[in-house]
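Observations on chain architecture
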Amino acid sequence: MKMTREGWRKSWLALAMVAVVGLTSGCGTVATIGKLEDGAGAEAMKMWDRWIEGSGDIAVATTWERKVKPGLSVADVEEIMRTVMVERNMRDVGTLPLSKELEARSGKKEPVLTIYQFCSPNIARRMADFSPAMAAYMPCRIALVERPDGLWLYTLNMDMMVKMGRKLPSPLKEEAWSVREAVWDMMERASKGEF
């Protein structure tokens, strides 16, 4: 018998409720839940749905993806991302041209695989001060991947950072949201060819 998405969702919610009830004695689950951003549960359920849709691929659950409009070149995508970066006061902190590296090693043409890295150093510092583990998510990365059906953009789902974790104090919350919006804007505009 194949379980539907709604069936999986209800089963997971029931399991989560049992876990919460079972763990509240002494481990701080209820106290932790009270420290989370409003709407954290709803965001977790969106990730759960994407995890199921991705057949258990955690990368699908934790990323945003956009197909690049046919006819746009790699140079077009790069130009748009860099334009948004400047508009949003972000910094280019590195590019990893992995497909070019592989081509140099093998002498064979490779499908595009380039990772672009962006950052707002001041906000990054404040975020790492708030949660040193958050430094593992820095800098913000957008990957350009050539698949058989064209170019695609991938990045970390930044809603996890600003909607699911511990409540961020102001002005860090607003600053984190501005970084989230910058990355979202890069993905949207670059995928659509909006110069």
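Presented here is an overview of the structure given in this document. (Residues numbered from 1 in each chain as written. Predicted model: local features only at pLDDT ≥ 70, side-chain atom pairs only at ≥ 80, totals over all residues. Heavy atoms only, no water.)

Attention now moves to the overall build of the protein chain. Within the protein chain, the secondary structure is distributed over 9 helices and 5 strands. Reading the protein chain from its N end, one meets helices and strands in the order α-α-α-α-β-α-β-α-β-α-β-β-α-α. Within the protein chain, the proportion of its 195 residues that are buried is 35%. Sequence-distant contacts, at least 24 apart, represent 70% of the contacts inside the protein chain between residues at least 6 apart. Summed over all atoms, the accessible surface of the protein chain reaches about 11600 Å², with 61% contributed by carbon and sulfur. (Helix = DSSP H or I, 4+ residues; strand = E, 2+ residues; numbered from the N terminus. Buried < 20%, exposed > 50% of the residue type's maximum accessible area, 1.4 Å probe, protein only. Contact = heavy atoms within 4.5 Å. Areas by Shrake-Rupley, 256 points an atom, 1.4 Å probe, with all protein chains shown as cover.)

On to the layout of surface pockets, then. Roughly 440 Å³ of volume is contained in the largest pocket. Considering the residues around the largest pocket, the lining is formed by 24 residues, among which Y137, P139, C140, L156 and M158 are closest to the centre. The set of elements that each furnish at least two residues to the lining of the largest pocket consists of strand 3 (113–119), helix 7 (121–130), strand 4 (140–147), strand 5 (150–156), helix 8 (159–164) and helix 9 (172–192). Residue contributions to the lining of the largest pocket peak at 4 residues, all from strand 4. Grouping the amino acids of the lining of the largest pocket by side-chain chemistry returns 20 nonpolar, 3 polar and 1 charged. (1 Å grid on protein atoms, 1.4 Å probe; cavity = no way out; pocket = protein on both sides within 12 Å on 5 of 7 lines; lining within 4 Å. Points joined across faces, edges and corners; volume = space filled by probe spheres on them. Nonpolar A, V, L, I, M, F, W, Y, C, P; charged D, E, K, R; others polar.)

Quick look at the nonpolar core now. Formed by 25 residues in total, the largest nonpolar core has its most connected members in M81, M90, F118, I142, L144, L153 and M186. Secondary structure elements with two or more residues in this core: helix 5 (74–87), strand 3, strand 4, strand 5 and helix 9. Residue contributions to this core peak at 6 residues, all from helix 9. Filtering out sequence-adjacent residues up to four positions away, M90 remains in contact with M85, F118, C119, S120, C140, V179, A182 and M186. In terms of nonpolar packing, the next biggest core, distinct from the first, is built from 9 residues, M47, M127, M134 and L172 among them. (Core = buried A, V, L, I, M, F, W, Y, C linked by side-chain atoms within 4.5 Å.)

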